[in-house]
Amino acid sequence: MGLSKVETDPTILTSSVDASYEALKTSQTISDQVTIRNAVSSANLEELGGKPLAWANAETRSRGAISEVVEVRKKDVLCRRFRTSRESFDGVSVYSGEACLGRDGAWYMRAFSQS
């Protein structure tokens with residue numbers, strides 16, 4: 001049999017990412033954001049003294065370290081800006097974020113993006 005008789009196999013896909021993988025990745029990132037927000041909002045900045053704050057999410061098995069936490073006020077809204085690493089099944093990434101205290105007393109993530 002020569003190469004002229006060999007045909008391509010349309011059932012073989014390479015570099016294909018299943019849509020369920022993207023959905024899983026998104027839900028894990030959101031779960032990690034909640035864990036990071038909780039760590040940032042509950043941190044005692046005086047005790048930290050500029051040292052990194054470790055975080056881990058048992059649900060996603062992701063972990064990292066929060067650094068450069070700075071408290072700021074924006075029109076009477078208390079916020080904490082920070083940087084964090086995120087080690088997960090899909091690699092290591094660095095994010096910048098901002099968590100703010102809402103009028104209802106609950107913290108929310110105002111910004112969270114990959115650096």
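To keep things clear, this report deals only with the structure shown in the data block. Note that the structure is predicted; figures quoted are calculated from it, not measured. (Residues numbered from 1 in each chain as written. Predicted model: local features only at pLDDT ≥ 70, side-chain atom pairs only at ≥ 80, totals over all residues. Heavy atoms only, no water.)

Along its length, the protein carries two helices and five strands. A separation of at least 24 residues holds for 35% of the contacts in the protein among residues at least 6 apart in sequence. Summed over all atoms, the accessible surface of the protein reaches about 8,100 Å², with 51% contributed by carbon and sulfur. (Helix = DSSP H or I, 4+ residues; strand = E, 2+ residues; numbered from the N terminus. Contact = heavy atoms within 4.5 Å. Areas by Shrake-Rupley, 256 points an atom, 1.4 Å probe, with all protein chains shown as cover.)

Let us now look at the nonpolar core. Within the largest apolar cluster, twelve residues are counted, these being Ile36, Ala39, Val40, Trp55, Ile66, Leu78, Phe82, Tyr95, Ala99, Trp107, Met109 and Phe112. Every element with two or more residues in this core is listed here: helix 1 (19-42), strand 3 (77-88), strand 4 (91-101) and strand 5 (107-114). (Core = buried A, V, L, I, M, F, W, Y, C linked by side-chain atoms within 4.5 Å. Buried < 20%, exposed > 50% of the residue type's maximum accessible area, 1.4 Å probe, protein only.)

Bringing the state of the cysteines into the picture now. Per the stated rule, a full pass over the model turns up one disulfide. Between the sulfur atoms of Cys79 and its disulfide partner Cys100 the distance amounts to 2.1 Å. Torsion about the S-S bond of the Cys79 and Cys100 cystine: about 105°, corresponding to right-handed handedness. Highlighted residues: Cys79 in strand 3 and Cys100 in strand 4, separated in sequence by 21 residues. (Disulfide = S-S within 2.5 Å.)

Another point: the pairing of strand 4. As judged from the ten bridges shared by strand 3 and strand 4, these two strands associate in the antiparallel manner. Across the sheet, the residue bridging to Thr84 is Tyr95, located in strand 4. Where strand 3 folds back onto strand 4 in an antiparallel hairpin, the turn is made up of two residues. Across seven bridges, strand 4 lies against strand 5 in antiparallel orientation. When the sheet's bridge partners are listed, Ala99 is paired in strand 5 with Met109. (Pairing = 2+ DSSP bridges.)

Tracing the backbone through its elements, the reader meets Ser31 in helix 1. We classify Ser31 as buried; its relative accessible area is 14%. Setting aside residues up to four positions removed in sequence, Ser31 forms contacts with Asn57, Glu59 and Thr60.

We now examine the pattern of salt bridges. Overall, the coordinates contain eight salt bridges when judged by the stated rule. A salt bridge links Glu98 to Lys74; its shortest N-O distance comes to 3.3 Å. Linking Glu98 in strand 4 with Lys74 in strand 2 (residues 62-74), this pair joins segments that are 24 residues apart in sequence. Assessed through its relative accessible area of 6%, Glu98 is described here as buried. Note that Glu98 is salt-bridged to Arg81, the shortest N-O span being 2.9 Å. Of this pair, Glu98 sits in strand 4 while Arg81 sits in strand 3, and the two are 17 residues apart along the sequence. Among the residues examined, Arg81 registers a relative accessible area of 39% and is labelled partly exposed. Ionic contacts of the salt-bridge type, sharing partners, join the residues Lys74, Arg81, Glu98 and Arg110 into one network. (Salt bridge = Lys/Arg side-chain N within 4 Å of Asp/Glu carboxyl O.)

Any functional reading would require information that these geometric values do not contain.
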